[in-house]
Amino acid sequence: MIQIKPSDDHSEKLLTNMPAWLGNNDDYQPVNDNENFLSKTILSVITKLTALRENSTAHTDVFFTASFKIFLTILLILFISLSHQLLFLSIVLSGFLIYLCSLTGCTILRILKPAAFAALFSLLIILPAALFERSSFFLLPFKVFLTTGAVTALALSTPFYSITKALGGLHIPGLFIMILDLTVKYIVLLGHTAQELLTALHLRSVGKNRQKYQSLGNILGMTFIKSQEYASATHDAMLCRCFTGEY
């Protein structure tokens, strides 16, 4: 087999016609960027999705049904709201603390954090009442703490599907249950979409990104567009299945 070697004149012509930038070494060094913003955003989304996923497999009480727990929580919130006596609120607080002692440390923290934040927020709002020497101004933060803790404990101890089923047993309108159920399901779905978009942005980020908030705005815009597509698909699915409003 005959090998044809290119002549030196042909090689020299190729070198002379070659652009100058092809002969330079590629020594591009991307600038290091602090990616804590994207990492914290992704971690926050994953944490919220994990909390919703854990709620779907929450521990259920053997002796109390979901309907009984919802009815008891609503009744307790009503009594707390109407009460003006510190003794009754102290009794409820004692029972609430006894209930917390039977839970794990992680669950106690997940119950106390939103309750304490809501109580602190209401305390800041009602704090000017202390200027008028109202001795009972602290009752509102106390009530907010107890009601928020009761609702959070109900949400963490009862799976969401059991709550919607119990609401149907309590003769709550089906339209309200449908809106609540679809809202929670699509929050999880849109959360997964936002997580995938954030991960894709994180993997494609090279060098220093000086427009992080603009990139986050683009991700929120894409998530909004996906929500419109999901809503349209849900509407078409309801039409195809001859949905009449009963849920």
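Throughout, a residue's number is its position along its own chain's written sequence, starting from 1. In keeping with the model being predicted, local features are shown solely for residues with a pLDDT of at least 70 and side-chain atom pairs are shown and tallied solely at 80 or more, while totals for entire chains, interfaces and linings include all residues. Water and hydrogen atoms were dropped before computing side-chain values, which therefore reflect all heavy atoms in the structure.

> Honestly, the overall build of the protein chain in this entry has me stumped. Any pointers?
A run of DSSP states H or I qualifies as a helix once it reaches four residues; a run of E qualifies as a strand once it reaches two. Both are numbered from the N-terminal end. When you go through the protein chain residue by residue, the secondary structure sums to 9 helices and 0 strands. Intrachain contacts of the protein chain at a sequence separation of at least 6 include 78% that bridge at least 24 residues. Summing over all exposed atoms, the protein chain offers an accessible surface of approximately 18,200 Å²; the carbon and sulfur share of this is 67%. A contact between two residues is defined here by any heavy atoms of the two lying within 4.5 Å. Areas reported here follow the Shrake-Rupley algorithm with a probe of radius 1.4 Å; residue values treat only the protein chains shown as occluding.

> Honestly, a nonpolar patch on the surface in this entry has me stumped. Any pointers?
The grouping of Phe64, Phe68 and Leu72 at the surface amounts to a nonpolar patch, some 280 Å² of accessible area in total. For Phe64, the position within the fold is in the loop between α2 (36-56) and α3 (66-82). Each patch is built from residues lacking any salt bridge and having more than 30% relative accessible area; the joining distance is 9 Å for like charges and 5 Å for nonpolar side chains (Val, Leu, Ile, Met, Phe, Trp, Tyr). Salt bridges are defined as contacts in which a side-chain nitrogen from Lys or Arg sits within 4 Å of a carboxyl oxygen from Asp or Glu.

> Help me understand the packing of aromatic side chains in this model?
Two measures describe an aromatic ring pair: the distance that separates the ring centres and the angle between the ring planes. Stacked, tilted and edge-to-face are the three classes assigned to paired rings of Phe, Tyr and Trp, where Trp is represented by its six-membered ring and a pair needs centres within 6.5 Å; plane angles under 30 degrees give stacked, over 60 edge-to-face, the rest tilted. Under the defined criterion, the tally for this structure stands at 2 aromatic pairs. Seen in terms of ring centroids, Phe96 and Phe145 are 6.1 Å apart; in terms of plane orientation they differ by 90 degrees. Their pairing is edge-to-face. Of this pair, Phe96 sits in helix α4 (residues 86-101) while Phe145 sits in helix α6 (residues 139-157); the two residues are 49 residues apart in sequence, bridging distant segments of the chain. Each member of the pair Phe96 and Phe145 is classed as buried. Only protein chains enter the accessibility calculation, which uses a 1.4 Å probe; a residue whose area is less than 20% of its type maximum is buried, one above 50% is exposed, and one in between is partly exposed.

> When you look at the nonpolar core in this model, what are you seeing that I'm missing?
Generally speaking, nonpolar side chains in soluble globular proteins are found buried as a group. Counting residues in each nonpolar core, the largest one holds 13 residues, and the members touching the most others are Ile80, Leu89, Phe96, Ile111, Phe145 and Leu146. Secondary structure elements with two or more residues in this core: α4, α5 (105-126) and α6. For this core, the element with the most residues is α6, which contributes 5 residues. Apart from the residues within four sequence positions on either side, Leu146 is in contact with Ile80, Leu89, Val92 and Leu93. With 7 residues, the next largest nonpolar core counts Ile70, Leu154, Ala166 and Ile177 among its residues. Among buried residues, the Ala, Val, Leu, Ile, Met, Phe, Trp, Tyr and Cys ones that are joined through side-chain atoms within 4.5 Å form a nonpolar core.

> Even after reading the chapter, I still don't get the environment of Ala153, so can you show me in this structure?
Checked against the element boundaries, Ala153 lands in helix α6. Spatially, the C-alpha atoms of Ala153 and Leu112 are 9.3 Å apart, while their sequence positions differ by 41 residues. Dropping the residues within four chain positions of it, Ala153 is found in contact with Tyr99 and Ile111.

> I keep staring at the packing of α3 against helix α7 (residues 160-169) and nothing clicks. Help me out?
Packed helices, taken two at a time, are described by the angle their axes make and the gap between the axes. Between N-to-C directions, angles span 0 to 180 degrees; the directions come from axes that are lines fitted to C-alpha atoms, helices contributing only their stretch in contact. Put simply, α3 and α7 touch, their axes get as near as 8 Å, and they point 75 degrees apart. Between α3 and α7, the interaxial angle falls into the category roughly perpendicular. Contacts from Ala66, Ser67 and Ile70 of α3 reach α7 at Ser162, Ile163, Ala166 and Leu167. Under this scheme an angle from 65 to 115 degrees is roughly perpendicular, one under 35 degrees roughly parallel, and one over 145 degrees roughly antiparallel; angles in between are oblique.

> Would you take a moment to explain unusual backbone geometry for this structure?
Most peptide bonds are trans, and most residues other than glycine sit at a negative phi. Positive phi values are uncommon outside glycine, yet Cys242 reaches one of about 55 degrees. On the secondary structure map, Cys242 appears in the segment after α9 (212-240). Judged by its relative accessible area of 61%, Cys242 is exposed.

> Just checking my understanding: could you explain the side chain of Ser157 for this structure?
Mapping Ser157 onto the fold places it in helix α6. Here Ser157 falls in the buried class, since its relative accessible area comes to 11%. There is a polar contact of 2.7 Å between the side chain of Ser157 and the backbone oxygen of Ala153. Whenever two N or O atoms come within 3.5 Å, that pair is a polar contact, provided that in protein one can donate a hydrogen and the other can accept it, and provided that, for residues adjacent in sequence, both atoms are side-chain atoms.

> How should I be thinking about α3 in this particular structure?
Think of an α-helix as turning once every 3.6 residues; residues three or four places apart then point the same way. Expected helix span is given by 1.5 Å per residue-to-residue step, counting one fewer step than there are residues. Here α3 spans 24 Å end to end across 17 residues, near enough to the 24 Å set by a 1.5 Å rise per residue. When α3 is considered as a whole, its buried residues turn out to be Ala66, Lys69, Ile70, Thr73 and Ile80. Buried positions in α3, seen along its axis, are confined to an arc of 100 degrees and lie on one side of it. In α3, those exposed residues whose orientation departs by more than 90 degrees from the buried face are Ile74 and Leu82. Along its buried surface, α3 packs onto α4, α6 and α7. Throughout, the arc means that of the directions going from the helix axis to the C-beta atoms.

> Help me understand the state of the cysteines, please; the structure alone is not making it clear to me.
Two cysteines joined by a covalent bond between their sulfur atoms form a disulfide. Count a disulfide wherever a pair of cysteine sulfur atoms falls within 2.5 Å. Taken as a whole, this structure holds 0 disulfides when the rule is applied. Free cysteine Cys242: the closest other cysteine sulfur is in Cys240, separated by 8.4 Å.

> Explain the confidence of the model for the protein chain to me, please; I cannot follow it from the model alone.
Any region with low pLDDT has predicted coordinates that should not be read closely. pLDDT is a per-residue confidence score from the predictor, ranging from 0 to 100. Confidence in the prediction of the protein chain, expressed as mean pLDDT, is 77, and 74% of residues score 70 or more. Within the protein chain, no element has a lower average pLDDT than helix α1 (residues 8-17), which sits at 58, and none a higher one than α4, at 89.

> Teacher, can you tell me more about the pattern of salt bridges here?
Side chains that carry opposite charge are capable of pairing whenever their charged atoms lie near each other. Enumeration over the complete set of coordinates arrives at 2 salt bridges. Close ionic contact of Lys185 with Asp181 constitutes a salt bridge, the shortest N to O distance being 3.6 Å. Of this pair, Lys185 and Asp181 both sit in helix α8 (residues 174-204), separated by 4 residues, roughly a single helical turn. By relative accessible area, which is 9% here, Asp181 ends up buried. Among the salt bridges present, the one from Glu229 reaches Lys226, with a minimum N-O distance of 3.5 Å.

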